[in-house]
Amino acid sequence: MLDVARGTKNHYKVSVAALIESGSMRKWSEISVENVHRFDAYLHTLQVHRTDVEIKARKPVKYISQATVRNYHKDIKALLARALKFGLITANPYDRMKGEIRRGDKETVEFLTDDERDRIEGLTINDSMLATVRDVFVFQCYTGMAYSDAMAFSLDKCQQDGDRLTYSAPRVKTGVWFYIRVLPKALAIVQKYGGRLPQVADQTCNANLKTIANVTGITKRMTTHVGRHTFATWMLRNGVPIEHLRKML
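Residues numbered from 1 in each chain as written. Predicted model: local features only at pLDDT ≥ 70, side-chain atom pairs only at ≥ 80, totals over all residues. Heavy atoms only, no water.

A. Just the overall build of the protein, in detail. Looking only at helices and strands, the protein features eleven helices and three strands. Start at the N end of the protein and walk to the C end: the helices and strands fall as α-α-α-α-α-α-α-β-β-β-α-α-α-α. Taking the principal axes of its C-alpha atoms as reference, the protein extends roughly 60 × 45 × 35 Å. A buried classification covers 43% of the 249 residues belonging to the protein. Of the contacts made within the protein by residues no fewer than 6 positions apart, 60% connect residues no fewer than 24 positions apart. (Helix = DSSP H or I, 4+ residues; strand = E, 2+ residues; numbered from the N terminus. Buried < 20%, exposed > 50% of the residue type's maximum accessible area, 1.4 Å probe, protein only. Contact = heavy atoms within 4.5 Å.)

Dropping the structure here:
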């Protein structure tokens, strides 16, 4: 079993699936620098997922960014490092390829305006999965939690601090402690589900957030990380000092 966060494990699964689909390295004996380059060429043919609405609207096909390509490589490199440790391979080809896989420019993560957030929050949704994804996203908008931390949130671990309900925990990915006040709207959402948010895969949330964005007329590229940035921007706009915000995030 991999001793990594659930979200990281899901990313590994996606990357391994892409590696298998590429046909470049399906056996331990096929692990080589040459085949890593073949895998890289395959990754550059992958298209960004389009919703049914986007397909019907004949929106142009987009290919994944270089930053995303590099993330695939990072996952495979990490898994090959484990394979080397356990003697399944004699060398990790990525160790001989320093600088060959370009980092790529990170895409600017967007944030929602108060009006856009409120439109999503007030949307009437009949589909249970879409409703769940919307609730998880809005919870992030009012807590600033990363997706993996929101999935780990538990109401019974909160503390009453005077008239404030607070929550403190180590971040799932980094182990760094953060501290937040659980605002009424975030509290109402988690109470709706009995104290813990439904466990939904990050990729599932991102796919459904695109549908929600289309329904609400939001043209920004929606991901779970947008909720975190929306919270940070909202806090700064309302006068919260940057030092306090750092402790929250």
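Past the structure itself, the notes keep going.
B. Layout of the pairing of strand β3 (residues 177-181). Burial along β3 is one-sided: the residues Phe-178 and Ile-180 are buried and none of Trp-177, Tyr-179 and Arg-181 is. Where strand β2 (residues 164-170) lies against β3, five bridges are found, and the strand directions are antiparallel. Paired with Tyr-167 across the two strands is Ile-180, which belongs to β3. Between β2 and β3, which pair antiparallel and follow one another directly, the connecting turn spans six residues, one of which, Gly-175, has a positive phi of 80°. (Pairing = 2+ DSSP bridges.)

C. Spatial organisation of helix α8 (residues 184-192). Among the residues making up α8, those that are buried are Ala-186, Ile-189 and Val-190. All buried residues of α8 fall inside an arc of 90° around its axis, so they share one side. Away from its buried face by more than 90 degrees, α8 exposes Pro-184 and Lys-192. Buried residues in α8 make contact with α6 (128-143). Backbone geometry just after α8 places Gly-194 at a positive phi near 80°. (Arc of directions from axis to C-beta.)

Remember that the coordinates give geometry; whether it matters functionally is a separate question.
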